[in-house]
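Observations on the three-dimensional arrangement
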Amino acid sequence: MTISIKDVEQVANLARLAFSEEEKQDFADKLNAIVGYVEKLNEVNVEGIEPTYHVLPLLNVLREDSTQPSMERDKVLANAPDAQQGCFKVPKIME
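All values derive from a computational prediction rather than experimental measurement.

Take the overall build of the chain next. Broken down by element type, the chain carries three helices and two strands. The order of α-helices and β-strands along the chain, N terminus first, is α-α-α-β-β. Computed over its C-alpha atoms, the radius of gyration of the chain comes to 30 Å, more than 25% above the 12 Å expected for a compact globule of 95 residues. Overall, the chain is about 75 × 50 × 15 Å in size when its C-alpha atoms are taken along their principal axes. Here the chain, with 95 residues, has 8% of them falling under the buried criterion. Within the chain, contacts between residues at least 6 apart in sequence are counted, and of these 30% link residues at least 24 apart. Of the charged side chains in the chain, 10 are positive and 17 negative; the average position of the first set lies 11 Å away from that of the second.

Structure follows, in structure tokens:
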């Protein structure tokens with residue numbers, strides 16, 4: 001697969017970019033080099049090799065969920081600037 005100048009022009013058009021003819025050729029050459037490298041990677045034999053999702057072995061350290069009693073409502077609302085019917089009362093922010 002090769003990237004042509006026409007491909008570069010199409011992508012530039014979609015991205016609303018303008019390039020000179022020299023820049024278009026430069027981009028085509030660089031993109032072809034990238035595609036060539038990827039095609040070379042496709043030739044590597046990876047039979048029997050586990051995929052690497054991250055370079056470091058990561059483990060999630062999770063604890064079991066457990067229910068615990070919560071604070072009493074009166075204690076929670078004790079420092080509230082304003083409370084009404086056992087709930088925090090806050091200023092209205094939308095009309």
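Having seen the model, we can carry on.
Moving on: helix α2 (residues 21-42). Between its first and last C-alpha, α2 extends 32 Å over 22 residues, near the 32 Å set by a 1.5 Å rise per residue. Listing the buried residues of α2 in full gives K24, A28 and V35. Buried residues of α2 fall within an arc of 35° about the axis and therefore sit on the same side. Within α2, the exposed residues directed more than 90 degrees away from the buried face are E22, A33, Y37 and K40. Its buried side turned inward, α2 meets α1 (5-14).

Turning our attention to the packing of α1 against α2. Axis angle and axis distance: for two packed helices, these are the angle between their axes and the distance between the axes, and together they describe the pair. Two numbers describe how α1 lies on α2: the axes approach to 9 Å, and their chain directions differ by 105°. When the axes of α1 and α2 are compared, the pair comes out roughly perpendicular. Residue-level inspection shows I5, V8 and E9 of α1 in contact with α2, the latter providing E21, K24, Q25, F27, A28 and L31. When its residues are assigned to classes, the contact of α1 with α2 shows five nonpolar, one polar and three charged.

We now examine the pattern of salt bridges. In the structure shown here, the tally under the stated rule is three salt bridges. A salt bridge links K24 to E9; the nearest nitrogen and oxygen atoms lie 3.2 Å apart. With K24 in helix α2 and E9 in helix α1, the pair connects residues that are 15 residues apart, well separated along the chain. Judged by relative accessible area, K24 falls into the buried class, the value being 14%. When the shortest N-O distance is used, the salt bridge between E21 and K24 registers 3.3 Å. Separated by three residues within a single helix, E21 and K24 lie in helix α2, roughly one turn from each other. On the basis of relative accessible area, E21 is assigned to the exposed category, the value being 54%. Put simply, E9, E21 and K24 are held in one network by salt bridges that share partners.

What follows is about the confidence of the model for the chain. Averaged over every residue, the pLDDT of the chain is 91; the share at 70 or more is 100%. Ranking the elements of the chain by mean pLDDT puts helix α3 (residues 73-77) last with 91 and α1 first with 96.

What counts, and at which threshold
All residue numbers refer to position in the chain's written sequence, counted from 1. Reporting of local features is limited, given that this is a predicted model, to residues whose pLDDT is at least 70; pairs of side-chain atoms are given and counted only at 80 or more, and all residues count toward the totals for whole chains, interfaces and linings. Side-chain measures were taken over the full set of non-hydrogen atoms in the model, leaving aside hydrogen atoms and water. Secondary structure elements follow DSSP: runs of H or I of four or more residues count as helices, runs of E of two or more count as strands, with numbering from the N terminus. Only the C-alpha atoms count toward the radius of gyration. The rule for a globule is 2.2 Å times the residue count to the power 0.38. The rule is simple: take the accessible area with a 1.4 Å probe, protein chains only, and divide by the maximum for that residue type; under 20% is buried, over 50% is exposed, in between is partly exposed. Note on contacts: a residue pair qualifies if any of its non-hydrogen atoms lie within 4.5 Å across the two residues. The charge count treats Lys and Arg as positive and Asp and Glu as negative. His and the chain ends do not count. Just so you know, the charge point we use is NZ for Lys, CZ for Arg, CG for Asp and CD for Glu. Under the convention used throughout, the expected extent of a helix is 1.5 Å for every residue step, that is, one less than its residue count. It is the directions from the helix axis to the C-beta atoms whose arc is reported. In this analysis an axis means a line fitted to C-alpha atoms, helices contributing only their contacting stretch, and an angle means the value between N-to-C directions, from 0 to 180 degrees. Working rule for angles: under 35 degrees goes down as roughly parallel, over 145 as roughly antiparallel, 65 to 115 as roughly perpendicular, anything else as oblique. For this scheme, ten residues count as nonpolar: Ala, Val, Leu, Ile, Met, Phe, Trp, Tyr, Cys and Pro. Four count as charged, namely Asp, Glu, Lys and Arg, and the remainder, Gly too, count as polar. Every case where a carboxyl oxygen of Asp or Glu lies within 4 Å of a side-chain nitrogen of Lys or Arg is listed as a salt bridge. The predictor attaches a confidence to each residue, called pLDDT, with possible values from 0 through 100.

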